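Observations on the model geometry
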Amino acid sequence: MKTYIKIILTLVASMVYMSCNDEFLERKPLDKVSNETFWNTENDLRVYNNGLYHLARFEDNVSILMGHDEGFDSQARGIWHLDGFSDNTAPRHSRHDFFQRVRAGKHSVPETPDWFGYEGWNFLRAINIGLENYPSVDVAEEVRNKYVGEARLLRGWFYADKVSKYGEVQWVDHEVKVDDEEILYGERDDREFVMDKVLEDLNFATENMPNDWGDGNAPGRLNRWCALMVKSRVCLFEGTWRKYHGGTSPETWLQQAADASRELIEEGPYSIYSTGNPSTDYNAIHRMTDLTGIKEVLYWRRYQLGIFTNHVQSYHKDYNGGATKDMVEAYLCTDGLPISLSPLYQGDEVYENIWENRDPRLRQTILHPDDQAIYRYGNHDFSVARYPRIQGMTGPGNKIATGYHIIKVYDNNAAYATYNVSTTPAIILRLGEALLNYAEAKAELGDIQQSDLDMSINLLRDRVGMPHMMMDVPMDPRHANDGVSALLVEIRRERRIELFIEGFRYDDLRRWKQGKKLEQKDYGIRWDAANKARFDPKGEVTIQSSSVDGVEYLDIYKGTDYANPVFDESKHYLWPIPTSVISQNPALGQNPGW
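Keep in mind the model is a prediction, meaning the values are calculated, not measured.

In this section: the overall build of the protein. Along the protein, the regular secondary structure elements total 23 helices and five strands. Against the globule reference of 25 Å for 594 residues, the protein gives a C-alpha radius of gyration of 26 Å, in line with a compact fold. If you line up the protein on its principal axes, its C-alpha atoms span 95 × 60 × 50 Å. The 594 residues of the protein split such that 58% are buried. Partitioning the intrachain contacts of the protein with sequence separation of at least 6 by distance along the chain shows that 70% fall at a separation of at least 24. Accessible surface computed for the protein: about 24300 Å², of which carbon and sulfur atoms make up 50%. When the 67 positive and 90 negative side-chain charges of the protein are each reduced to one mean point, those points stand 5 Å apart.

Before going further, it helps to examine the packing of aromatic side chains. Summed over all chains, the structure comprises 32 aromatic pairs. Between Phe99 and Phe116 the ring centres are 6.3 Å apart and the planes differ by 40°, which places this aromatic pair in the tilted class. With Phe99 in helix α4 (residues 97-104) and Phe116 in the loop between α4 and α5 (121-133), this residue pair connects regions lying 17 residues apart in the sequence. Phe99 sits in the buried class, given a relative accessible area of 0%. The class of Phe116 is buried, set by a relative accessible area of 3%. Put simply, the rings of Phe85, Phe98, Phe99, Trp115, Phe116, Tyr506 and Trp575 pair up and form one aromatic cluster. The ring of Trp594 is capped by Lys571, whose NZ or CZ atom sits 4.3 Å from the centre of that ring.

Here strand β5 (residues 551-555) lies mainly inside the structure; four of its five residues are buried. In this sheet, β5 lies alongside strand β4 (residues 545-548) in antiparallel orientation, the contact comprising four bridges. Along β5, the bridge assignment pairs Ser545 with Leu554. Hairpin connection between β4 and β5: a loop of two residues separates the two successive antiparallel strands, and Asp549 in this loop has a positive phi of roughly 50°.

Right, let's get into the sheet that holds β5. Spatially, the three strands line up as an open sheet ordered β3-β5-β4, and their pairing is antiparallel. Looking at which strands have only one partner, the edges of the open sheet turn out to be β3 (523-526) and β4. Taken pair by pair, the neighbouring strands of this sheet meet at an average axis angle of 45°, ignoring direction.

With that out of the way, let us pick up the pairing of strand β1 (residues 297-301). Counted residue by residue, β1 has five buried out of five residues, so it is predominantly covered. Inspection of the sheet shows β1 paired to strand β2 (residues 426-430) by four bridges, in the antiparallel sense. The residue bridging Arg301 from the neighbouring strand is Ala426, located in β2.

A few words now on helix α19 (residues 457-464). In terms of residue burial, α19 counts as a mostly covered element, since six of its eight residues are buried. All buried positions along α19 are accounted for by Ile457, Asn458, Leu460, Arg461, Arg463 and Val464. In this structure, the buried side of α19 is in contact with α11 (281-286), α14 (360-363), β2, α17 (431-445), α18 (450-454) and α20 (486-498). Gly465, located one to two residues past α19, shows a positive phi value of around 70°.

On to the state of the cysteines, then. Counted by the stated rule, this structure contains zero disulfides. Considering cysteine sulfurs only, Cys226 is the nearest to Cys235, which forms no disulfide, with 16 Å between them. The class of Cys235 is buried, set by a relative accessible area of 0%.

This part is about the nonpolar core. Among the nonpolar cores identified, the biggest contains 146 residues, and Leu65, Leu222 and Leu429 are the most heavily contacted of them. Non-local contacts of Leu222, meaning those with residues more than four positions away in its chain, are made with Tyr53, Leu65, Leu153, Leu154, Trp157, Met209, Trp213, Tyr299 and Leu429.

Attention now goes to the side chain of Asp161. Within the secondary structure layout, Asp161 lies in helix α6 (residues 141-166). Within the structure, Asp161 has its side chain in polar contact with the side chain of Lys165 (distance 2.7 Å). The contacts of Asp161, once residues within four sequence positions are left out, are Ser63 and Ile64.

Mapped onto the secondary structure, Val473 falls in the loop between α19 and α20. Classification of Val473 by relative accessible area gives buried; the value is 19%. Along the chain, Val473 and Ser485 lie 12 residues apart, while their C-alpha atoms are 9.5 Å from each other. Filtering out sequence-adjacent residues up to four positions away, Val473 remains in contact with Ala486, Leu487 and Glu490.

A word on a negative patch on the surface. On the surface, Glu168, Asp190, Asp196 and Glu200 cluster together into a patch of negative charge. You can see Asp196 is positioned in helix α8 (residues 191-208). For Asp196, a relative accessible area of 42% puts it in the partly exposed group.

The periodicity of an α-helix, 3.6 residues per turn, causes residues three or four places apart in sequence to face the same way. When the terminal C-alpha atoms of α8 are compared, their 26 Å separation across 18 residues agrees well with the 26 Å that a helix rising 1.5 Å per residue should span. Within α8, burial applies to Arg191, Val194, Met195, Val198, Leu199, Asp201, Leu202, Phe204, Ala205 and Thr206. Tucked into the core, α8 has its buried residues touching α6, α9 (224-245) and α10 (250-267). The N-cap residue of α8 is Asp190: its side-chain oxygen and the backbone nitrogen of Glu192 are 3.0 Å apart.

Here the focus is the environment of Gly465. For Gly465, the position within the fold is in the loop between α19 and α20. For Gly465, a relative accessible area of 54% puts it in the exposed group. C-alpha separation for the pair Gly465 and Gly276, spaced 189 residues apart in sequence, amounts to 9.3 Å.

Turning next to the environment of Phe116. Sequence separation between Phe116 and Val489 is 373 residues, and the spatial gap between their C-alpha atoms is 29 Å. Other than its neighbours up to four places away in sequence, Phe116 contacts Glu59, Asp60, Ser63, Met66, Ala76, Arg77, Leu82, Phe85, Phe99, Lys165 and Trp575.

Turning next to the packing of α17 against α19. For the pair α17 and α19, interaxial distance at closest approach is 8 Å and the crossing angle is 135°. Taken as axis vectors, α17 and α19 run oblique relative to one another. For the pair α17 and α19, contact is made by Gly432, Leu435, Leu436 and Ala439 and by Ile457, Leu459 and Leu460, respectively. Tallied by class, the residues present in the contact of α17 with α19 amount to six nonpolar, one polar and no charged.

Basis of the calculations
- Residues numbered from 1 in each chain as written.
- Predicted model: local features only at pLDDT ≥ 70, side-chain atom pairs only at ≥ 80, totals over all residues.
- Heavy atoms only, no water.
- Helix = DSSP H or I, 4+ residues; strand = E, 2+ residues; numbered from the N terminus.
- Rg over C-alpha atoms; globule rule 2.2 N^0.38 Å.
- Buried < 20%, exposed > 50% of the residue type's maximum accessible area, 1.4 Å probe, protein only.
- Contact = heavy atoms within 4.5 Å.
- Areas by Shrake-Rupley, 256 points an atom, 1.4 Å probe, with all protein chains shown as cover.
- Lys, Arg positive; Asp, Glu negative; His and termini not counted.
- Charge placed at Lys NZ, Arg CZ, Asp CG, Glu CD.
- Phe/Tyr/Trp six-rings, centres within 6.5 Å; stacked < 30°, edge-to-face > 60°.
- Lys NZ or Arg CZ within 6 Å of the ring centre and 35° of its normal.
- Pairing = 2+ DSSP bridges.
- Axes fitted to C-alpha atoms, helices over the stretch in contact; angles between N-to-C directions.
- Disulfide = S-S within 2.5 Å.
- Core = buried A, V, L, I, M, F, W, Y, C linked by side-chain atoms within 4.5 Å.
- Polar contact = N/O pair within 3.5 Å; in protein donor to acceptor, adjacent residues only side chain to side chain.
- Patch = residues over 30% accessible without salt bridge, like charges linked within 9 Å, V, L, I, M, F, W, Y side chains within 5 Å.
- Salt bridge = Lys/Arg side-chain N within 4 Å of Asp/Glu carboxyl O.
- Expected span 1.5 Å × (residues − 1).
- Parallel < 35°, antiparallel > 145°, perpendicular 65-115°, else oblique.
- Nonpolar A, V, L, I, M, F, W, Y, C, P; charged D, E, K, R; others polar.

Structure below.
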């Protein structure tokens, strides 16, 4: 009541004052911030850009700084879930139907924007408003350009994401007004024109952002090293897209990717996390609850109880469906050879043998039954239930579709915590990606040397004690029809293994023009008579099986709408534009095939 009275008194006083002073109408309001009065100091630039980070917190709307969304939305909107679009994981939960539809090629033109889709334009508007007003602040140009670079990094990254999904979009670099008919009712701009603008933004960011904002990088703001990381990612996507889908000067983009990656690797203050324990280090960095001071991580999202929390661990364990047979079989043997060539491979007839003589990252990513006690996976004692546990089984334990339980990011305390109190962090940018980007860009350019492999991929292999990748790797017969060299096959394999459930696989398949791999069915563990008798003596499992080369395996989507995946080369590399968007501006048109 006191507050209400104060408001009334203030309002009355203001009215009296205005009636007595005609000059009041010429004055700017003192009780609120206006665009004319806000832009004064460096702190105003900082505060405004803080707002851009706030807008980027909402993964569905702005998906470039993707971590985990908060509360209920962390059930699907987050970086760990994105592999559900690909052949890496096999989600079956109804809340992940969108991932299943896209992965199976059964999606259609939406009425409104899909998750991570044709939206986030308020974020772009906020960036452009800031860029138009930064010159008003009376600070040294070098100081101002730090914040201009930060905003342009976000704009370039945002546009690169939109181009990757929709091909052509409208390039807008100013605040759009209601009478700006050229934009409101205009056509989309050519992909290559937009990407040239993106590169201009990214170059400005790498040339003007500071190496360190002095905020401790925990996680702080994006810095120049982050800008180089983003540039390497964007340029690698664009260079390979143009190489395999057609486009001008793919080599220019690939060289930009290689140069940005190399500068970050050689000059940046980052290094691969390792304590010298190859059997745990890869897993350890992905299960840390505080990434402060971890030199492999360039940028991450911190969550704090009472401020910003998530429920991602609980949702992820229930909804990811497990890793696929194809994913598990991608891991090399300890001699550095694929399972199709290595004499060390012991097959999958005995479940535990899958991990024998394999890349240590397999056991640090997919639960070995003997390791349940280490992770307390499923929140029960070791003696209570032995894994794998498949959907339909009764009794304790975490049940999934494929039988390959993911523990790369698993934290039991958070997975079974009270709703939305988890502070599980999200790694957004890490050095491991830069190493992979560099090796791939150099290989695509055709000028890779052994020294390039040694300064990139072989650092990742050193962490887990795997043999170095050499230039003369043999061709895995399972990839002989991919249309690329044996070396590129192995570089792509390394990327898939190292970056599993970090949100890359679907985009990688699209840029490599390897969409046909998504026509392969998703299978789980071997489900022959011996394994049925051993793991499911009561016959409770509800996932059906099918024969693969004469052997039964869990057939994850058999009996569902997604049992027979398709990939239409004429349209599925891009997403459709929502009908509601086209109805507002028919000049945008629809993507081919949709």
